[in-house]
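Observations on the three-dimensional arrangement
So the chains spell out like this:
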Amino acid sequence: MSVIKKLALAAGIGALLSSAAWAQGLEGKVVGFSQIGSESGWRAAETSVTKQQAEARGVDLKFADAQQKQENQIKAIRGFIAQGVDAILVAPVVATGWDEVLTEAKEANIPVILLDRGVEAPEDLYLTSVASDQVKEGRVAGEWLVGTVGDKTCNVVELQGTVGSSPAINRKQGFEEGIAGHANITIVRSQTGDFTRSKGKEVMEGFLKAEDGGKNICAVYAHNDDMAVGAIQAIKDAGLKPGSDILVVSIDAVPDIFSAMVAGEANATVELTPNMAGPAFDALDAYLNAGTVPPKFIITESKLYTPADNPQAEYDNRKGLGY
Ligand code: AHR
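All figures in this text were calculated on a predicted structure; none of them were measured in a lab.

As a further point, take the site of the ligand. Around the ligand, the structure places E39, S40, W42, R43, D116, R117, P167, R171, F195, N224, D252 and L272. One of the side-chain nitrogen or oxygen atoms of D252 is found 2.6 Å away from an oxygen atom of the ligand. Calculation on the ligand without its partners gives an accessible area of 280 Å², and the protein chains cover 100% of this total. Comparing atom positions with the cavity grids shows the ligand to sit within the largest cavity. Elements represented by at least two residues in the shell around the ligand include exactly helix 3 (41-57) and helix 7 (166-179). Partitioned by chemical class, the residues of the shell around the ligand number four nonpolar, two polar and six charged.

This is the structure we're talking about:
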């Protein structure tokens, strides 16, 4: 028994120590990370935090940027398998089409951990999935709108994330659940902005043109903050005031949306932590060193922020995180 363990038991606090505290750590382990790309500020922060987490634990992280293409992710995962890595992290760009490559990893006895997005594949093909409850994120956004507009008629335009991705599917469903039973709130237009700022702006310009220069639009719901920031620019270019003429609600809680809140141009965001790697490495540590099988889904928090939550302080808290 280690000295630390003996001391802890002697002090009667053994039960308070988590399994992670007992584990030997991941020093020297080789972990492949197939990242989607760099479509958003949130994605950039997730990449930075993952690299920081790996470095702090002595993990040799092999990073592969898939530039938004599933075929590149599959190629990268096959490369990691060929190298004989100890584990693979993957943020899957879309939800389907993973069975074959995940089976190959399983056959090679390499645990795979999904980060921030889900897949439609048998659960035994991955060790765990660290992600938010994306349906809840959409529901929280929808419920915020219900509480904000009350009985007023409200036409909503929706900027969806990448087609076929789990957050686009689930955040749409969640928002519809959030506004269900409120006939005064209607989604009048919905199109993908691919989670990018430029596409969010371009699609919003089309929505504004199609809806009498924006006069028929009460709110924009964007599946991420970057698209909301693009939409805010389009609304301003159209001579309207985002945040008051058109309400803006989105997901991620990146620094730029808090700047927009400070300027009165954004109304609500639902936080998605960029630290998916921390819980993933903890689970991997316990699994590799103690054989502890983690829960299949490790769910991160989804907190709502509005201008009442000191957006300047929230901006300051986040700006060093690599967004
Ligand atoms: O999968 C998480 C989503 O992907 C984030 O909300 C978005 O910004 C990113 O591109």
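What follows continues from the structure just given.
Right, let's talk about empty space enclosed by the protein for a bit. On inspection of all chains with the given rule, the structure shows one cavity of 30 Å³ or more. There is about 90 Å³ of room inside the largest cavity. Lining the largest cavity are 13 residues, with W42, R43, R117, R171 and F195 sitting closest to its centre. Of the residues that constitute the lining of the largest cavity, the class distribution is four nonpolar, three polar and six charged.

On to the environment of G206. Looking at where G206 falls in the secondary structure, it is placed in helix 8 (residues 197-210). Residues G206 and A234, spaced 28 residues apart in sequence, show a C-alpha to C-alpha distance of 9.4 Å.

Scanning all chains against the criterion turns up one disulfide. Across a sulfur-sulfur distance of 2.0 Å, C154 and C218 are joined as a disulfide pair. In this structure, the disulfide formed by C154 and C218 twists by about -85 degrees around the S-S bond and is classed as left-handed. Pair noted here: C154 is in strand 6 (residues 154-160) and C218 is in the loop between helix 8 and strand 8 (219-222), with a separation of 64 residues, a long-range link.

Here helix 7 contains 14 residues, and its C-alpha end-to-end distance of 20 Å stays within 8% of the 20 Å for a straight helix at 1.5 Å per residue. Three or more residues of helix 7 are buried, namely S166, P167, A168, R171, G174, F175, G178 and I179. Looking at the buried positions of helix 7, the neighbouring elements they touch are helix 6 (134-149), strand 6, strand 7 (185-192), strand 8 and strand 9 (247-252). G181 lies just past helix 7 and shows a positive phi near 85 degrees.

Each value, and the rule that gives it
- Residues numbered from 1 in each chain as written.
- Predicted model: local features only at pLDDT ≥ 70, side-chain atom pairs only at ≥ 80, totals over all residues.
- Heavy atoms only, no water.
- Near = heavy atom within 4 Å.
- Polar contact = N/O pair within 3.5 Å; in protein donor to acceptor, adjacent residues only side chain to side chain.
- Areas by Shrake-Rupley, 256 points an atom, 1.4 Å probe, with all protein chains shown as cover.
- 1 Å grid on protein atoms, 1.4 Å probe; cavity = no way out; pocket = protein on both sides within 12 Å on 5 of 7 lines; lining within 4 Å.
- Sits in = over half its atoms within 2 Å of the grid points.
- Helix = DSSP H or I, 4+ residues; strand = E, 2+ residues; numbered from the N terminus.
- Nonpolar A, V, L, I, M, F, W, Y, C, P; charged D, E, K, R; others polar.
- Points joined across faces, edges and corners; volume = space filled by probe spheres on them.
- Disulfide = S-S within 2.5 Å.
- Expected span 1.5 Å × (residues − 1).
- Buried < 20%, exposed > 50% of the residue type's maximum accessible area, 1.4 Å probe, protein only.
- Contact = heavy atoms within 4.5 Å.

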